Amino acid sequence: MALGVGRSHIGLVGGLLMVATSMPAARAEPIRSPDELEERARVRVHTARVRIEPTSRARPGECLDLGIDDLKVRLRGELLEGADILELERDRHPAVHALLIDTSGSMFGQLDRVRAAAIAYVERLDPEHDRAFVATFDDSVLIASAVTRDRETLLAAIRNIRMSQLTSLNDGLYYTILELRAQRERPVILLLSDGMDTVSFYERHDVYDLVQRTPDLSVFTIGLALPYLQSRMAPGTLSTKRFLQRIASKTNGKYFDVPTAAGVEEVYLRIRDMLENEATLNVVDPDPEAEPGRLKVSS
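Conventions adopted
Residues numbered from 1 in each chain as written. Predicted model: local features only at pLDDT ≥ 70, side-chain atom pairs only at ≥ 80, totals over all residues. Heavy atoms only, no water. Helix = DSSP H or I, 4+ residues; strand = E, 2+ residues; numbered from the N terminus. Buried < 20%, exposed > 50% of the residue type's maximum accessible area, 1.4 Å probe, protein only. Contact = heavy atoms within 4.5 Å. Areas by Shrake-Rupley, 256 points an atom, 1.4 Å probe, with all protein chains shown as cover. Patch = residues over 30% accessible without salt bridge, like charges linked within 9 Å, V, L, I, M, F, W, Y side chains within 5 Å. Salt bridge = Lys/Arg side-chain N within 4 Å of Asp/Glu carboxyl O. Lys, Arg positive; Asp, Glu negative; His and termini not counted. Charge placed at Lys NZ, Arg CZ, Asp CG, Glu CD. Polar contact = N/O pair within 3.5 Å; in protein donor to acceptor, adjacent residues only side chain to side chain. Pairing = 2+ DSSP bridges. Axes fitted to C-alpha atoms, helices over the stretch in contact; angles between N-to-C directions.

Undergrad: Hey, could you run me through the overall build of the protein in this one?
TA: On a plain count of helices and strands, the protein comes out with 6 helices and 14 strands. By residue count, 45% of the 299 residues in the protein fall in the buried class. Here the contacts in the protein between residues at least 6 apart in sequence split such that 81% fall between residues at least 24 apart. A total accessible area of about 15,600 Å² is found for the protein, and carbon and sulfur atoms account for 50% of it.

Right under this line is the structure:
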């Protein structure tokens, strides 16, 4: 089993200073009794998102019962143990799933398969925990449906996807992230593209900056038959494939290389399985006065 640890929650999330104060001592008494003394305790809790990815040798469902005793947790290089300082929550947290789909002209002949894959993904969403919306980008960015739990609304938006000519990949990401920032739930993007940005207003550095300012965001990127070629871009500029890899890496998502649209449905289902195997690790720092340090988790 392989573990992935979330970017946005790693490290110190807050120093909690708990103060219990008794009634003040009378003016005539120069010395206070022990039960009248002010007591202070400092507690620092680290919270990390942990993704549990079964290896090819794992039996189906084998990782669902994995608990804190199955993990090795190190803080500042020190191995931590004990239920009093370690807690692993396997309960699923509400999320908003954004299906962001390239509908530029180069998607001709591929879009029907992509639609079918998106429909299969939506049909697996849990309405108790999940909301979603559909967005597309070509010459411009279209938020094709509102954020909703209603499956029929999402399916109708997917079926109504239409193609245009150019590719506004950066703008598609930027506006989708802005839409997610307005929601309370954990933000997740499934981005599929087969080509180079040609008409976006926003640059890649704008997207990186917005990503860094969006807590707990995970972007799963799918490159459909993407080469590493930089084409007409300036020397030293990342190819679209490298850009999608970097966005996924920065957000604790994952990049998937798909040679044809026939493989998109399987990738969508893999992403769904990955999200269902996430957990939250809470660690009470045994030395709250020390530097926060780095939290490392392995199986």
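Undergrad: How should I be thinking about a positive patch on the surface in this particular structure?
TA: Taken together, Lys72, Arg74, Arg294 and Lys296 make up a surface patch of like positive charges. As for its placement among the helices and strands, Lys72 is situated in strand β4 (residues 72-75).

Undergrad: What am I meant to see in the side chain of Ser193 here?
TA: Mapped onto the elements of the fold, Ser193 is located in strand β10 (residues 186-193). Here the side chain of Ser193 touches Asp102 through a polar contact of 2.9 Å, side chain to side chain. Beyond its immediate stretch of four places on either side in the chain, Ser193 contacts Asp102, Phe137, Leu169, Ile222, Gly223, Leu224 and Leu226.

Undergrad: Just to check I follow, could you spell out the sheet that holds strand β5 (residues 78-80) for this structure?
TA: Hydrogen bonds between backbone groups are what pair the strands of a sheet, and the pairing can be parallel or antiparallel. Spatially, 3 strands are ordered β5-β4-β14 in an open sheet, and the strand pairing comes out antiparallel. Two strands bound the open sheet, and with one partner strand each, they are β5 and β14 (295-298). Between one strand axis and the next, the sheet turns through 30° on average, direction left out of account. For β4 and β14, the ladder comprises 4 bridges, and the chain directions are antiparallel. Along β14, the bridge assignment pairs Leu75 with Leu295.

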